[in-house]
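Letter by letter, the chains look like this.
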Amino acid sequence: GESVGLHLPTLSVQEGDNSIINCAYSNSASDYFIWYKQESGKGPQFIIDIRSNMDKRQGQRVTVLLNKTVKHLSLQIAATQPGDSAVYFCAENRRSSNAGGTSYGKLTFGQGTILTVHP
Amino acid sequence: KAGVTQTPRYLIKTRGQQVTLSCSPISGHRSVSWYQQTPGQGLQFLFEYFSETQRNKGNFPGRFSGRQFSNSRSEMNVSTLELGDSALYLCASSFVTTGELFFGEGSRLTVL
């Protein structure tokens, strides 16, 4: 079936290292992908997004890579800091149009990866 | 600029009761989506509203319902609560044209 999943449930890194979090998706029709960070007791926080017409996008210390051939998405965090410790989710937005117009609100989330950064 | 506000933050109910959760979106955001988050199922889409109309609905039973008001504020209701409804219920709002969802901190429901 259609799903967005993560390869690794936990990731532990040392402060200053680079982190890579991976995500696989199964629907080739997906055209918008987002990474969220969720800290304990808080709602998901937008990190970075990428559309299917791109294969790389960079933000502040973060880079998202999209490989449509193998339906793979990754989030790279440079110089990981203790404050980066959180659960990271990839999400897929299947653009759908109905009488109300294009829908952006329906996301399919991956299971999440727990990132722990050791000082 | 105020973020997405959800009330109440925590609540405890018993089986068979019903609950109403409220969400105030970011000013100017007209789209509101609701998600259920549990340890076992992760984040699952419940429904999306735009201009007081439900545009999408997830795979949840009819006990889960929602609505949106003319000021874009939204409520969701769960009737005849079951133990499995214990979860963090998250609301998110967005500008329709950008697609970026901004989440609130959620309402944590415990059903006893």
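Residues numbered from 1 in each chain as written. Chains lettered and ligands numbered in written order. Predicted model: local features only at pLDDT ≥ 70, side-chain atom pairs only at ≥ 80, totals over all residues. Heavy atoms only, no water.

Caption draft 1: Representation of the overall build of chain B in the model. When you go through chain B residue by residue, the secondary structure sums to zero helices and eleven strands. For chain B, the C-alpha radius of gyration of 13 Å lies close to 13 Å, the compact-globule estimate for 112 residues. Each principal axis of the C-alpha distribution contributes one length, and for chain B these read about 40 × 25 × 25 Å. For chain B, the proportion of its 112 residues judged to be buried stands at 51%. Of all intrachain contacts in chain B linking residues separated by at least 6 positions in sequence, the fraction that spans at least 24 positions is 53%. Roughly 5,200 Å² of accessible area belongs to chain B as shown, and the carbon and sulfur atoms make up 49% of that amount. Between the mean site of the 11 positive side-chain charges and the mean site of the 7 negative ones, chain B shows a separation of 3 Å. (Helix = DSSP H or I, 4+ residues; strand = E, 2+ residues; numbered from the N terminus. Rg over C-alpha atoms; globule rule 2.2 N^0.38 Å. Buried < 20%, exposed > 50% of the residue type's maximum accessible area, 1.4 Å probe, protein only. Contact = heavy atoms within 4.5 Å. Areas by Shrake-Rupley, 256 points an atom, 1.4 Å probe, with all protein chains shown as cover. Lys, Arg positive; Asp, Glu negative; His and termini not counted. Charge placed at Lys NZ, Arg CZ, Asp CG, Glu CD.)

Caption draft 2: View of the state of the cysteines. Residue and element names in this part refer to chain A. A complete count under the given rule lists two disulfides over all chains for this structure. In this model, Cys23 is linked to Cys90 through a disulfide, with the two sulfur atoms separated by 2.0 Å. Since a negative S-S torsion denotes a left-handed disulfide, the Cys23-Cys90 link at about 65° is right-handed. Taken together, the residues span a long stretch of sequence, with Cys23 in strand S3 (residues 19–25) and Cys90 in strand S9 (residues 86–93) at a distance of 67 residues. Using a relative accessible area of 0% as the deciding quantity, one classes Cys90 as buried. (Disulfide = S-S within 2.5 Å.)

Caption draft 3: Structural context of the pairing of strand S7 (residues 64–68) of chain B. Residue and element names in this part refer to chain B. Summarising the sheet, S7 and strand S8 (residues 74–78) pair through five bridges and their orientation is antiparallel. Bridge assignment links Phe64 to a residue of S8, and that residue is Val78. The antiparallel hairpin formed by S7 and S8 contains five residues in its connecting segment, where Ser72 sits at a positive phi of about 80°. (Pairing = 2+ DSSP bridges.)

Caption draft 4: Here's a closer look at the environment of Thr116(A). All names here are of chain A. Turning to its location among the elements, Thr116 is positioned in strand S13 (residues 113–118). When its relative accessible area of 30% is taken as the criterion, Thr116 is described as partly exposed. Taking the C-alpha atoms as reference points, Thr116 and Pro82, separated by 34 residues in sequence, lie 7.6 Å from one another. Leave out the neighbours within four places in its chain, and Thr116 touches Leu11, Ser12, Val13 and Ser85.

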